[in-house]
Each structure stands twice: as structure tokens, then as C-alpha cells.
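What follows is each chain in one-letter form.
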Amino acid sequence: TEMALSDAAKLLQKARHVVVFTGAGISAESGVATFRDALTGLWSRFDAQSLATPQAFAEDPDLVWGWYEWRRQQVQQVRPNHGHLAVARLKDHVPQLTVITQNVDDLHERAGSDTPTHLHGSLFAPRCATCSRPAPLPATTEEQPAEGSRVPPPRCAHCAGPVRPGVVWFGEALPEQALESAVRAASSCDVLLTVGTSGLVYPAAEIPRLAARSGAAVIQVNPQPTPLDPLAAVNLPGPAAELLPALLTTTWP
Ligand code: APR
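The shown structure was predicted, so the numbers you read here are calculated from the model rather than taken from an experiment.

A. Broad picture of the overall build of the protein chain. A count of helical and extended segments in the protein chain gives 11 helices and eight strands. With respect to the three principal axes, the spread of C-alpha positions in the protein chain is 55 × 35 × 30 Å. Every one of the 253 residues in the protein chain was classed for burial, and the buried ones make up 50%. Long-range pairs, those at least 24 residues apart, make up 71% of the contacts in the protein chain with a sequence separation of at least 6. As displayed, the protein chain offers around 11,600 Å² of accessible surface, 56% of which is attributable to carbon and sulfur atoms. One finds the centroid of the 19 positive side-chain charges in the protein chain at a distance of 4 Å from the centroid of its 24 negative side-chain charges.

B. Geometry of unusual backbone geometry. Looking along the chain, the bond that leaves Tyr-202 and enters Pro-203 is cis, with omega of 0°. Along the chain, Pro-203 turns up in the loop between β6 (191-195) and α10 (206-213). Positive phi is not limited to glycine here, since Ala-160 has a value of about 65°. When you line up the elements, Ala-160 lands in the loop between β4 (121-128) and β5 (163-167).

C. Region of the structure containing empty space enclosed by the protein. Using the criterion set out here, one finds one cavity of 30 Å³ or more in the structure. Roughly 50 Å³ of volume is contained in the largest cavity. Lining of the largest cavity is provided by Trp-65, Tyr-68, Glu-69, Arg-72, Leu-123, Pro-126, Leu-137 and Pro-165. Breaking the lining of the largest cavity down by element, the ones donating at least two residues are α6 (61-77) and β4. Its residues placed into classes, the lining of the largest cavity shows six nonpolar, no polar and two charged.

The rules behind these values
Residues numbered from 1 in each chain as written. Predicted model: local features only at pLDDT ≥ 70, side-chain atom pairs only at ≥ 80, totals over all residues. Heavy atoms only, no water. Helix = DSSP H or I, 4+ residues; strand = E, 2+ residues; numbered from the N terminus. Buried < 20%, exposed > 50% of the residue type's maximum accessible area, 1.4 Å probe, protein only. Contact = heavy atoms within 4.5 Å. Areas by Shrake-Rupley, 256 points an atom, 1.4 Å probe, with all protein chains shown as cover. Lys, Arg positive; Asp, Glu negative; His and termini not counted. Charge placed at Lys NZ, Arg CZ, Asp CG, Glu CD. 1 Å grid on protein atoms, 1.4 Å probe; cavity = no way out; pocket = protein on both sides within 12 Å on 5 of 7 lines; lining within 4 Å. Points joined across faces, edges and corners; volume = space filled by probe spheres on them. Nonpolar A, V, L, I, M, F, W, Y, C, P; charged D, E, K, R; others polar.

Spelled out as C-alpha cells, the structure:
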């Protein structure tokens, strides 16, 4: 990977605008389960796809709210890893940096990337399912909701509707602002660094493809092959927490 690291470094050194596009894989080494990883993926344990839908919330709001509260409290127990920290350090080196994430955790923020674009929302932005007003985060109780436990969602202070997680569910549109700014950044960047995503879920997966079509050089960090391989000018096969710091020290020794 030394050759690939130096090729990637050459691209980053002369880049004016860099986009970092991340998926669940960048949080894997913090201990947050990915979705489709055969080993650690959430889906290998139980069918998240059936919980991450408006229908599931309508049918059983306590189960869905409980699952997301369990996931939020899992995130609060872990810390950003060296991959998140390297992404945050990028802003000290490149003239313009845009961080776009599919993740709903707050590990980029806690690593120092202050305004990542959350294409799939965030566990930390609950809102009323009826009137959409933002709702306060429930106080973190000392007892952890066990995985799969039912927790009745809080009620909206304004309209008494049920509070829902602030994440994008299957079948729902992505937040317009987030998608627009991601498309703008992908269309005008010189380098798009895609980290820890299987590149399978649209429209988010369109972002690296749009960057490549717009003439950006794509660098991929992933231990596994993905459909983005043919798109990448440089493929760095390996874990983000190891390769991203290595990429920064190779680029800016
Ligand atoms: N470093 C880098 N990449 C890793 C690591 C690691 N340490 N560990 C795993 N990966 C890679 C896997 O090889 C896989 O390609 O991370 C990717 C995780 O893929 P998914 O689980 O499909 O996650 P993601 O691509 O973010 O899914 C996109 O799908 O379920 C929806 O809304 C959800 O945002 C999510 C979207």
C-alpha cells in the first residue's frame, strides 16, 4: 500500500477542495456496528431493515424508539477513532474541506469536524413525528435500554405527537438541504475521499459517482472491495483508523 499511499498523497497535495464521504466503516473501529458487514454488521444480528421504516414506527413506536435509543446510548459509550481524528485534521491542510457522512452517530463532531453534512440524519436530532418540531434528547438514564427493548417515545411539547428519531428511514426522502450541499460539493471538488461505505444505498451512493463524473479523483479506503473500486483513482485496502492517519503523514510529513 506504500505505492497507493504516495499516489493518494500526490492527489491530496495539489487538491484545492476535498470532500470526505464516510459510511459506517469509519465508525467500526470505535465499536459501532456496521450494517452489511458479515461479521459485525447489525443486520447479521437482527433485521434492522425492518425497524428502519416509517411503517415499523407506526406499527410499534416503542420497539423502534427503543432500538434507536439503544443505538444512541451505544454511541455515547464509545469514542471517535483515529480515522475520525484524521478527517478532522484534514481541515488544517486543505484549502477547502467538506465532510459528508451517511452515519447517524456524532463521532465526526466529537473528533473535531464541526459541521459534517448528515445525509441520513442523526441519532441526536429527534423530532416530532406529527409537527416535525425538534424535540429534546431524553436524559441518558443510568440503566441502558437493552438491545430490542421497548421504550415509549416521548411526546411533543407542542402538539403531543410521538417523538421520532431524526434519522432517514428506508423509503423516506433525504433532507433536501443536506443533499443539495452534498451534490454541490461533489460536483466541484478535486478529490473525493470515500471511507468505509459499501456504496450500495442510493441516493447517497450517487455522491462519489457524481464526483468522479465531475472530474474529481476518487480515493477509497475500505478493507473490502466495493462497487466503487472501478471509480477510484487510488484504492487503499485496509482499516480507516490505520490508513487515514498514514495518509495524512504521507501527504504532509
Ligand atoms: N475501515 C474502513 N471501512 C470499513 C471498516 C474499517 N475499519 N470496517 C468495515 N468497513 C467497510 C465494509 O467493508 C463496508 O464496505 O465499511 C462498509 C460498511 O458498509 P455498510 O455496512 O453497508 O454501511 P454504509 O455503506 O454506511 O451503509 C449506507 O445504508 O443501512 C443504510 O442508512 C444506512 O447509512 C447507512 C447506509
